[in-house]
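The residues making up each chain are set out below.
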Number of protein chains: 2
Amino acid sequence: MFAPVREAPLPASGSPHDVCEFQPRGVTHAELSAMRAAFELAENGPVQDANPRVGCVILAPGGTVLAQGWHEGAGTAHAEAAALAQAHSAGISVVDATAVVTLEPCAHTGRTPSCAQSLIDAGIARVLYSVPDPTPTASGGARMLRDSGVETLGGVLSDAGAALIAPWRARTHVSSQARRNRIVVKWASTLDGKVAAQDGTSQWITGESARQHAHELRAQVDAIAVGTGTALADNPQLTARDELATRTPLRVVVGRRQLATTARLYASGASVLHVRSDDPHDVVRALDLNSAQTTLIDGGPTLVSAFIRAGLADELHVYLAPKLLGTGLPAVQDLGITTLAQAHEYSLVHCERRGNDVFLRFMRDEPQDAPSDPILNQNHNR
Amino acid sequence: MFAPVREAPLPASGSPHDVCEFQPRGVTHAELSAMRAAFELAENGPVQDANPRVGCVILAPGGTVLAQGWHEGAGTAHAEAAALAQAHSAGISVVDATAVVTLEPCAHTGRTPSCAQSLIDAGIARVLYSVPDPTPTASGGARMLRDSGVETLGGVLSDAGAALIAPWRARTHVSSQARRNRIVVKWASTLDGKVAAQDGTSQWITGESARQHAHELRAQVDAIAVGTGTALADNPQLTARDELATRTPLRVVVGRRQLATTARLYASGASVLHVRSDDPHDVVRALDLNSAQTTLIDGGPTLVSAFIRAGLADELHVYLAPKLLGTGLPAVQDLGITTLAQAHEYSLVHCERRGNDVFLRFMRDEPQDAPSDPILNQNHNR
């Protein structure tokens, strides 16, 4: 009943909205309409205020509008609270409903309760928002929602969402989060840097203890990304193995190839962010719009190498197995480097034995930040 | 005045004596003649005895015979002691002389003093012997001599030397040392397994602390081997950097290419064992004949890979620098492996931070021994 949006509508600015296409459950036509309605609702708010203008629409699972709201200005209910109140006063249940909001629901309990908590308490099952909350005090709502098992996706019509809050940001000098989301690049290789033998065999390079450790680390990030190559070849689920973990990091697939809707990635029914681009900067931007603070790049070599080459790999998590293959698939591929002085340099921060394998953690020596304002400066170097 | 022997004489058995050619100071014609004379002297000893028959000739630096001796049987002076006594009673100084012996001088103080110590005390500068002492109690003389700064080379006319002691060994059931010399393969690479960038730059992959550590380890082995490729490209001295170290491990060059006599390897004047073969088994055999217990294979990739591929790398010492190159010269090359199950497997035994680098030590999981008797079974699989 939810027709997936295969082709996301192009915004007027022409910026690469394809990075924000979600599938297969995707963003439905009803949800896109609801977001546009939310932008219109937001316009009801005061032009000059300490708070940004925000609109919210609550949809039934079938797409029917259940309630709507907007923010009237500092000291009044947030848009989400207004919409929840409208539903409540009309006696309408919002359990399992979808909240569509122009701004990431706040995580801040101030003059009003935190919207993220209100949505969780009301039984909302899914939240779509346009742009992340750029303030340090109120951001973190997406993480709160995901931690509570609410399917949460950001970046829906993000250009319009950014434009909506731009006057407020300019007026109040609210910049974006200082940093883009932190990228952790992980691989497991033989001692001579191979992730598969010549014939493609790769199970298992590392032992049980190292693999278990890697799964534990998965539960600590906000998003896990693989390339379409890995998604097609390994058909992974990208869940943390620990069944007790309630958190489900946002699952991200990167690349231009299409995945079958029968892929195990989609098996749990939760959303998958498919970034249809080979450019790691597009991935970072899509993840910023989804309020990810830490993203795990979980291979394979193509994606891993693209992030390293782009200077976006802030941290390396490397499992080394005491095996030698000589030939095979290298973990790290061409980085465009010809001489030693150009090598990507890291600092060793942790070294630990996991069974018969070694786990090494490295930080990039001179972190290159993304443009300081990933939302407004969308014409960054691609 | 010492004409180097460029072409070692082929023994009757036709076994690969080229592996025992020494250069550039080499084994001189005078020394080869002295060794043949020592075999004849040995024949003076008793056929049936608890001890093997041994002969010894002492040469002046110019090649003149100063003294000679042989072993008359258990309880009498060893051949070296007999020769030293002859020189002493004739009032002839053997300081800076060369002792040429059919068997590795013993390290065992029993009924007679240890011959290695006697030679050291007499001021002998150079010792050539044919085959290592195969008994656990008496072996170790070559190491004692080298530790005292005496230039010591084994394997001279080793087939004849082995034949000389064969009847005694058969009679007394003395087998060789149980194991061949232990091979430690060392390399320093980037995290992605490269030892040089595309343009050949490789100084320095690792930092000062790791390089210092590697030099300390050099002082603990009996022999250090490099390929002719490394010898030609890096022109190394292969000495332990620590000037206080009195030990000078035997320096070994492996490969068919000729080195210039001006190579830094030869600068100290000490002998260099040039094993003219690409087969690691020949190297192991030449080192066994030189009584090496532990040999360090100090790169480059060709030699390192040959030892791994041959299953002769008992231990790996790997320095990993937190750098990524993507492309470049891999530390480990083709091992003839096509599938993961064929990977060479090791066990991690040590993991240590050295500055910004990691030092990892591995042992081979299932050590493959060389033939149990490397002296007598010279027709081993090549």
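Residues numbered from 1 in each chain as written. Chains lettered and ligands numbered in written order. Predicted model: local features only at pLDDT ≥ 70, side-chain atom pairs only at ≥ 80, totals over all residues. Heavy atoms only, no water.

Comments concerning the confidence of the model for chain A
Residues and elements named next belong to chain A.
At step 1: In the predicted model, chain A carries a mean pLDDT of 84, and the fraction of residues at 70 or more is 85%.
At step 2: Confidence, read as mean pLDDT per element, is least for strand E1 (residues 22-23) in chain A (44) and greatest for strand E2 (residues 55-59) (98).
At step 3: Within the model, pLDDT remains below 50 along residues 1-24, and this stretch shows 68 contacts once partners closer than five positions in the same chain are excluded.
At step 4: A low-confidence stretch, residues 367-382 stays under pLDDT 50, and its non-local contacts, those more than four residues away or across chains, total 34 contacts. (pLDDT = per-residue confidence, 0-100. Helix = DSSP H or I, 4+ residues; strand = E, 2+ residues; numbered from the N terminus. Contact = heavy atoms within 4.5 Å.)

Some words on unusual backbone geometry
Residues and elements named next belong to chain A.
At step 1: Look at the link from Gln203 to Trp204: it is a cis peptide, with omega at -5 degrees.
At step 2: Relative to the elements of secondary structure, Trp204 occurs in the loop between strand E8 (194-196) and helix H6 (208-218).
At step 3: Its identity is not glycine, yet Asp96 carries a phi of approximately 70 degrees, on the positive side.
At step 4: Checked against the element boundaries, Asp96 lands in the loop between helix H2 (79-89) and strand E4 (98-103).

A closer look at the relation of the copies chain B and chain A
At step 1: Once chain B has been moved 0.0 Å along the axis and rotated by 180 degrees, it coincides with chain A to within an RMSD of 0.1 Å. Both copies are brought into coincidence by an operation consistent with a two-fold rotation axis. Ranked by how close their C-alpha atoms come to the rotation axis, the residues of chain B are headed by Gly193(B), at 2.8 Å.
At step 2: The overlap is high: 100% of the interface residues of chain B also sit at the interface in chain A, so the same surface is used on both sides. (Least-squares fit on C-alpha atoms with pLDDT ≥ 70 in both.)

Re the environment of Leu217(A)
Residue and element names in this part refer to chain A.
At step 1: As for its position among the elements, Leu217 is in helix H6.
At step 2: Separated by 127 residues in the primary sequence, Leu217 and Ala90 have C-alpha atoms spaced 45 Å apart.
At step 3: Non-local contacts of Leu217, meaning those with residues more than four positions away in its chain, are made with His317, Tyr319 and Phe359.

Looking at the sheet that holds strand E11 (residues 294-297) of chain B
At step 1: With respect to topology, nine strands assemble into an open sheet ordered E14(A)-E15(B)-E16(B)-E12(B)-E6(B)-E11(B)-E8(B)-E9(B)-E10(B), the strand pairing being mixed. Edge strands, defined here as strands with exactly one partner in the open sheet, are strand E14 (323-324) of chain A together with strand E10 (272-275) of chain B.
At step 2: Direction of pairing for strand E12 (residues 315-321) of chain B relative to strand E16 (residues 357-364) of chain B: antiparallel, over a ladder of six bridges. The residue bridging Leu316(B) from the neighbouring strand is Phe362(B), located in E16(B).
At step 3: Contacts from helix H8 (residues 280-289) of chain B reach strand E6 (182-190), strand E8 (223-227), strand E9 (250-254), E10 and E11 of chain B within the one sheet, and its direction differs from that of E10(B) by about 145 degrees.
At step 4: Set on the sheet, helix H9 (residues 301-309) of chain B makes contact with E14 of chain A together with E6, E8, E9, E11 and strand E15 (344-354) of chain B; between it and E6(B) the angle comes to about 130 degrees. (Pairing = 2+ DSSP bridges. Axes fitted to C-alpha atoms, helices over the stretch in contact; angles between N-to-C directions.)

A look at the interface of chain B and chain A
At step 1: Contacts between chain B and chain A engage 43 residues on the former and 43 residues on the latter.
At step 2: Here chain B and chain A share an interface that buries about 3,600 Å² over both sides, 65% of which is from carbon and sulfur atoms.
At step 3: Three residues, Leu191(B), Leu324(B) and Leu340(B), lead the burial of chain B against chain A; their summed loss comes to 21% of the area buried on that side.
At step 4: Counting across the chain B and chain A interface gives zero salt bridges.
At step 5: Counting the contacts that link chain B with chain A gives 22 residue pairs in polar contact (both at pLDDT 80 or more). (Buried area = accessible area lost by both parts, 1.4 Å probe. Salt bridge = Lys/Arg side-chain N within 4 Å of Asp/Glu carboxyl O. Polar contact = N/O pair within 3.5 Å; in protein donor to acceptor, adjacent residues only side chain to side chain.)

Observations regarding the sheet that holds strand E2 (residues 65-70) of chain B
Residue and element names in this part refer to chain B.
At step 1: Taken together, five strands build an open sheet; the order of strands is E2-E1-E3-E4-E5 and the sheet is mixed. This sheet does not close on itself; its edge strands, each paired only once, are E2 and strand E5 (151-153). For this sheet the average axis-to-axis angle between neighbouring strands, irrespective of direction, equals 15 degrees.
At step 2: Set on the sheet, helix H2 (residues 79-89) makes contact with strand E1 (55-59), E2 and strand E3 (98-103); between it and E2 the angle comes to about 140 degrees.

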